[in-house]
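# Coordinate analysis (summary)
Letter by letter, the chains look like this.
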Amino acid sequence: MERLMRFTVSPLTRRINPTKFTVTSRLWCSSCSTPRVSSPQTQTQTPSHPLIMASDLKSPLFTQRVINAMKRLYPLELADRAWDNVGLLQENISTGDDASIPSTVLLTNDLTVRVAQEAIQKKASVIVTYHPFIFRGLKSVTLADPQQRVLLQLAQNNIAVYAPHTAIDAAPGGLNDWLADMASSVLESRGVSTTRSIVQPLSGPSPEGFSNSGYGRLVEFAQSVPLGPLIQAYATGLGGLCHIMIARPKQHIRDQSSPQIKSVAVCAGSGYDVLKDTSADLIVTGEMSHHSALRLTMLGKTVITVFHSNSERKFLEDVLQGQLQSVLQKEDPEAEVLVSEEDEDPFEIWDVKDLPEFVR
């Protein structure tokens, strides 16, 4: 004989009660096809773990505080949504005991596998990554792809991810103003006055309290200065860089002369599209293509590039860490904002005359 079991389903809700069901035994006789139905027996089954409906899920309180603080400091309306992917990119889930969620945020410029592991080790519950680690739709989430492996690791450890990116670029007092301050400091130390303006204003209205928002900054000087002091200011301000790349007009290369700089335009990251039509004598950005640099030097401009993320990373330590921690500690005195020690630019500069021992 064969015993079959069926669930009793409510005709009104068409749902199975996960804790109570009716078992009806059907005994099939080998000599006929008609089952003999035994009397129903009601059994109560207790699930081995609590069932949580999707509507009951929510972010931990600390995650909500981090999101609100970041939006207050750098509203997402400032971001270039035409291409950028900003805001909460990966959510974590409240356990029902908010005290068990660590009040720790890890700041990073790029969210790599090593940074994800660092966040887990340091028990961060939220990562704020300047660059979004998800830009396009995913058709699968597997361990074969490094980006997807990060996503899986963070989900497994209940860590949320928030990315502000171009909202920080555009905000008054944000990343591009921080870069502009480095040029202004050179002139102020010489007693020379400066003026500052937005290179590319927002296409729409600015949020309340965020007028003068936009991408790129133009700093103009009352009198010109040599290139050298500006190079030193950016090398120091960006974390003590030992090498930067410079593209100069050909006449200065032939004459071995320094261009006299009376204006500087800055844009973090890959800033050519923002800065290409400015009147500035000096263009400062993270990276630029070969042909873009050629065009600017033919227009008589000098270009400084420092590698993409080197133009951004130090801002996290110099500005964002203190800003975010100050806001969070007003509601949670235990809140801690850390800056990643694993985050770094992927490029290194090697002197071919003195190669490291491990590659010889």
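Not measured: the values here are computed from a predicted model. (Residues numbered from 1 in each chain as written. Predicted model: local features only at pLDDT ≥ 70, side-chain atom pairs only at ≥ 80, totals over all residues. Heavy atoms only, no water.)

## Here's the deal with the overall build of the protein chain
A count of helices and strands for the protein chain gives 10 helices and 16 strands. In the protein chain, which comprises 360 residues, the share counted as buried stands at 43%. Sequence separation of at least 24 residues holds for 65% of the intrachain contacts in the protein chain that already meet a minimum separation of 6. Looking at the protein chain as shown, the accessible area adds up to about 20200 Å², and 51% of this sits on carbon and sulfur atoms. (Helix = DSSP H or I, 4+ residues; strand = E, 2+ residues; numbered from the N terminus. Buried < 20%, exposed > 50% of the residue type's maximum accessible area, 1.4 Å probe, protein only. Contact = heavy atoms within 4.5 Å. Areas by Shrake-Rupley, 256 points an atom, 1.4 Å probe, with all protein chains shown as cover.)

## With respect to the sheet that holds strand β12 (residues 245-247)
The sheet built from 6 strands is open, its strands ordered β10-β11-β13-β14-β15-β12 with mixed pairing. The open sheet has two edge strands, β10 (194-201) and β12, and neither has a second partner. Going across the sheet, the axis of each strand differs from the next one's by a mean of 20°, ignoring polarity. Alignment of strand β13 (residues 260-267) against strand β14 (residues 282-285), held across 4 bridges, turns out to be parallel. Bridge pairing in β14 links A265 to I283. (Pairing = 2+ DSSP bridges. Axes fitted to C-alpha atoms, helices over the stretch in contact; angles between N-to-C directions.)

## Brief notes about the nonpolar core
In this structure, Y74, V105, V264 and L324 are the most contacted members of the largest nonpolar core, which totals 74 residues. When residues of this core are assigned to their parent elements, the largest contribution, 8 residues, is made by helix α5 (residues 175-189). Excluding its chain neighbours within four sequence positions, the residues that come into contact with V264 are A183, R217, L218, V219, F221, L230, Y234, A280, L282 and V284. In terms of nonpolar packing, the next biggest core, distinct from the first, is built from 16 residues, A124, V150, L151 and V161 among them. (Core = buried A, V, L, I, M, F, W, Y, C linked by side-chain atoms within 4.5 Å.)

## Describing the packing of aromatic side chains
As enumerated under the stated definition, the model contains 4 aromatic pairs in all. On the basis of an interplanar angle of 15° and a centroid distance of 5.5 Å, the ring pair of F307 and F347 is categorised as stacked. Taken as a pair, F307 in the loop between β15 (302-305) and α10 (313-329) and F347 in the segment after β16 (336-339) lie far apart in primary sequence, 40 residues in all. (Phe/Tyr/Trp six-rings, centres within 6.5 Å; stacked < 30°, edge-to-face > 60°.)

## Looking at the packing of helix α2 (residues 113-121) against helix α3 (residues 146-156)
The N-to-C vectors of α2 and α3 enclose an angle of 10°; their axes lie 9 Å apart at closest approach. Of the possible angle classes, the one that applies to α2 and α3 is roughly parallel. Residues V113, A116, Q117 and I120 of α2 form the contact with α3, whose own contacting residues are P146, R149, V150, Q153 and L154. Class assignment for the residues of the contact of α2 with α3 results in 6 nonpolar, 2 polar and 1 charged. (Parallel < 35°, antiparallel > 145°, perpendicular 65-115°, else oblique. Nonpolar A, V, L, I, M, F, W, Y, C, P; charged D, E, K, R; others polar.)

## Considering the sheet that holds strand β9 (residues 160-163)
Neighbouring strands of a sheet are bound in pairs by backbone hydrogen bonds; such pairs are parallel or else antiparallel. Read from one edge of the open sheet, 5 strands run β6-β9-β8-β7-β16, paired in mixed fashion. At either end of the open sheet lies a strand with only one pairing partner, and these are β6 (87-90) and β16. Within the sheet, the average angular offset between the axes of one strand and its neighbour, ignoring direction, is 25°. As paired strands, β6 and β9 are joined by 3 bridges and run antiparallel to one another. Counterpart to G87 in the pairing with β9 is A163. Strands β7 (104-108), β8 (126-129) and β16 of the sheet are contacted by α2, whose axis makes an angle of about 160° with β7.

## Quick word on the side chain of T166
Along the chain, the position of T166 falls in helix α4 (residues 166-170). From its side chain, T166 meets the backbone nitrogen of D80 in a polar contact 3.0 Å long. When near neighbours in sequence (up to four residues on either side) are disregarded, T166 contacts L78, A79, D80, W83, D84, V86 and Y215. (Polar contact = N/O pair within 3.5 Å; in protein donor to acceptor, adjacent residues only side chain to side chain.)

## Remarks on unusual backbone geometry
Of note in this structure, K123 is not a glycine but carries a positive phi near 60°. Tracing the sequence through the fold places K123 in the loop between α2 and β8. For K123, a relative accessible area of 58% gives the class exposed. Phi is positive for F307, which is not a glycine, with a value near 80°. With a relative accessible area of 18%, F307 lands in the buried category.

## Examining the side chain of D84
Here D84 lies in the loop between α1 (61-73) and β6. Of the buried charged residues, D84 lacks a salt bridge, with R81 as the closest side chain of opposite charge at 7.6 Å. With sequence-adjacent residues up to four places away left out, D84 is seen in contact with P132, F135, H165 and T166. (Lys, Arg positive; Asp, Glu negative; His and termini not counted. Salt bridge = Lys/Arg side-chain N within 4 Å of Asp/Glu carboxyl O.)

## Remarks on the confidence of the model for the protein chain
In regions of low pLDDT, the predicted coordinates are not meant to be interpreted in detail. Model confidence for the protein chain is summarised by a mean pLDDT of 87, while 84% of its residues fall at 70 or above. Contacts for the low-pLDDT stretch residues 1-33, under 50 throughout, to residues beyond four places or in other chains number 56 contacts. (pLDDT = per-residue confidence, 0-100.)

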